[in-house]
Amino acid sequence: MNKPKLLTLFLSFFKIGLFTIGGGYAMLPLIHREVVDKQKWMDEETFIDGIAAAQSCPGPIAVNLSVYVGFHIAGWSGIALAVLGSILPSFIIILIIALTFNNWSQVQIVQNAFNGLRPAVVALIAVPVIQIAKKSRIRWQQYWLPLVAVVLVVFFHISPVYLIIFTILFSWIRHLYETERQEGESKS
Amino acid sequence: MIWQMFITFFKIGLFSIGGGYPMLSMIYQEIVIQHRWLSHQEVTDMIAISQMTPGPIAINVATFIGYRQAGFWGAFFTTLGVILPSIILMLLIALFYVRLRSKPWFYAIMQGLRPLVIGLIVAAAWFTAKSAFVNVFGVVVFLACFVLSLKFKANPIVILLFSALAGIIAG
């Protein structure tokens, strides 16, 4: 891949990183427009596969998708440029905020604003719970898992790390057990 | 110090499944409860800031905490730590995804994690509520924002601007 194209790749992702406010999912339509519609770097199907893969991988979805697109277009240097481009705007902006934080965080009007912002953040986190629960069609018998998770994390300060490892092992063993039972039934 | 922060954010990146919100419960657990680098309230404020600035929450929080604790290089290494697992794992998944997704065990694990993701988001909301529901005003703003977001699909930025304004007016 030639140099001007690598520069375009970096600038595209820089633009994506700069103009997506409100987290990773807000980035998806913008990445789609830039990568599929405008630059025609990959076709629709490859891109959809990338989203699915990015969702099943840990980490920020925007970074995951940048890795996927960058690698698809230009291998290792593609990954480096796409990831750097997508995180650099937020890195710079947060640095500026952190740098000046002590100057304005104690101002009364800012503190009052944060008194309003905090409950709003709770609402913004709580709403997706309902949307995800509806979308993922979880059977009500499965609700014990989120409930136990909340109690363990909030009241017993158990790290989510252990819950994730446990759930992965539990799902895997249950899967092995169920396949074995099905095979046993089909034999008899 | 920087090394410990790098490892902590590497862990957060590695175990952040299902996007930004479930990851917040990890951030509270590691940053507030375990290492006491920030208080509940400071993390909640940080989430509000990162909702109003570009980029994924994880990156924003990592950069902010890194800088507060250890200046520029702190910010550099926490940010690197949080994205490194993504880069490594995503590369593997990108290479093998077409083969992985047809494997029943892969599907079973992904299905199994879904309810857990919901639990982790509820835990994150709980941690935030600790610093938000300090008076009646907080509960009222929460209910208003909740309805605006769920029923009227209001833009998060609009919700945050209005709630900040409500906070200023209420004094």
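Each value, and the rule that gives it
- Residues numbered from 1 in each chain as written.
- Chains lettered and ligands numbered in written order.
- Predicted model: local features only at pLDDT ≥ 70, side-chain atom pairs only at ≥ 80, totals over all residues.
- Helix = DSSP H or I, 4+ residues; strand = E, 2+ residues; numbered from the N terminus.
- Buried ≥ 20, exposed ≤ 12 C-beta atoms within 10 Å, placed from the backbone.
- Expected span 1.5 Å × (residues − 1).
- Bend = angle between axes of the 7 residues up to and from the residue.
- Domains from an automatic or database assignment.
- Contact = placed C-beta atoms within 7 Å.
- Nonpolar A, V, L, I, M, F, W, Y, C, P; charged D, E, K, R; others polar.
- pLDDT = per-residue confidence, 0-100.
- Axes fitted to C-alpha atoms, helices over the stretch in contact; angles between N-to-C directions.
- Parallel < 35°, antiparallel > 145°, perpendicular 65-115°, else oblique.
- Left-handed = near helix turned anticlockwise from the far one by under 90°.
- Core = buried A, V, L, I, M, F, W, Y, C linked by C-beta atoms within 7 Å.

Student: A description of the overall build of chain B should follow, citing residues and the corresponding values.
Tutor: Scanning chain B from terminus to terminus reveals 7 helices and 0 strands. Secondary structure elements of chain B occur, N-terminal to C-terminal, as α-α-α-α-α-α-α. In terms of principal-axis extent, the alpha carbons of chain B reach across some 55 × 40 × 25 Å. For chain B, buried positions account for 56% of its 171 residues.

Student: Could you give an account of helix 5 (residues 104–132) of chain B, with specific residues and numbers?
Tutor: The periodicity of an α-helix, 3.6 residues per turn, causes residues three or four places apart in sequence to face the same way. Helix length check: helix 5 of chain B, at 29 residues, gives a terminal C-alpha distance of 43 Å against a target of 42 Å (1.5 Å per residue), a fit within 8%. At Arg 114 of chain B, helix 5 of chain B shows its strongest bend, of approximately 30 degrees, with the proline Pro 115 of chain B following within four residues.

Student: Describe the domain arrangement of chain A, listing the residues and the values that go with them.
Tutor: Along its sequence, chain A is carved into domain 1 (1–106) and domain 2 (137–188). The C-alpha-based centres of domain 1 of chain A and domain 2 of chain A are spaced at 33 Å.

Student: Can you tell me about the domain arrangement of chain B, naming the residues and giving the values?
Tutor: Residue and element names in this part refer to chain B. Taken domain by domain, chain B holds domain 1 (2–132) and domain 2 (133–171). The gap between the C-alpha centroids of domain 1 and domain 2 is 25 Å. Contacts between the two partners involve 5 residues from domain 1, matched on the other side by 6 residues from domain 2. Among the secondary structure elements, those contributing two or more residues to the side of domain 1 that touches domain 2 are helix 3 (40–52) and helix 5. By residue number, the principal contributor to the side of domain 1 that touches domain 2 is helix 3, which donates 3 residues.

Student: Would you mind going over the interface of chain A and chain B in detail, with residue names and values included?
Tutor: In this complex, chain A contributes 79 residues to the contact, which on the side of chain B involves 88 residues. Of all the elements in the fold, those that place two or more residues in the side of chain A that touches chain B are helix 1 (3–19), helix 3 (44–56), helix 4 (61–104), helix 5 (108–135), helix 6 (144–155) and helix 7 (160–187) of chain A. With 22 residues, helix 5 of chain A is the single largest residue contributor to the side of chain A that touches chain B. The class makeup of the residues in the side of chain A that touches chain B is 58 nonpolar, 19 polar and 2 charged.

Student: Would you mind going over unusual backbone geometry in detail, with residue names and values included?
Tutor: Outside of glycine, negative phi angles account for most residues, and trans bonds account for most peptide bonds. Even without being glycine, His 157 of chain A reaches a positive phi, approximately 55 degrees. Along the chain, His 157 of chain A turns up in the loop between helix 6 and helix 7. His 157 of chain A sits in the exposed class, given 12 other C-beta atoms within 10 Å. For Arg 36 of chain B, which is not glycine, the phi torsion reads 55 degrees and is therefore positive. As for its position among the elements, Arg 36 of chain B is in the loop between helix 2 (20–34) and helix 3. Overall, Arg 36 of chain B belongs to the exposed group, with 8 C-beta atoms counted inside 10 Å.

Student: Got a sec to walk through the confidence of the model for chain B? Specific residues and values, please.
Tutor: Across chain B, the average pLDDT comes to 89, with 100% of residues at 70 or higher. Two summary scores accompany this predicted model of the complex, namely pTM at 0.87 and ipTM at 0.86.

Student: For the packing of helix 3 of chain B against helix 4 (residues 57–100) of chain B, give the residues involved together with the corresponding values.
Tutor: Residues and elements named next belong to chain B. Two numbers describe how helix 3 lies on helix 4: the axes approach to 9 Å, and their chain directions differ by 125 degrees. Between helix 3 and helix 4, the angle is such that the two are oblique. For the pair helix 3 and helix 4, the crossing hand works out as right-handed. Residues Met 46, Ile 47 and Ser 50 of helix 3 form the contact with helix 4, whose participating residues are Ile 57, Asn 60, Val 61 and Phe 64. Within the contact of helix 3 with helix 4, the residues separate by chemical class into 5 nonpolar, 2 polar and no charged.

Student: I'd like a rundown of the packing of helix 2 of chain B against helix 5 of chain B, residues and numbers included.
Tutor: All names here are of chain B. Close contact between helix 2 and helix 5 brings their axes to 7 Å; oriented N to C, the two are set at 55 degrees. Relative to helix 5, helix 2 is oriented oblique. When the axes of helix 2 and helix 5 are compared, the crossing they make is left-handed. On helix 5, the residues that touch Tyr 21, Pro 22, Leu 24, Ser 25 and Tyr 28 of helix 2 are Val 117, Leu 120, Ile 121, Ala 123, Ala 124 and Phe 127.

Student: Tell me about the nonpolar core, residues and numbers included.
Tutor: Where a protein is soluble and globular, its nonpolar side chains tend to be buried together. By size, the foremost hydrophobic cluster in this structure holds 107 residues, and its most contacted members are Ile 125 of chain A together with Ala 124 of chain B. Top element by residues in this core is helix 4 of chain A. It accounts for 18 residues. Discounting chain neighbours no more than four positions away, the residues touching Ala 124 of chain B are Ile 125 of chain A together with Tyr 21, Pro 22, Leu 24, Ser 25 and Tyr 28 of chain B.

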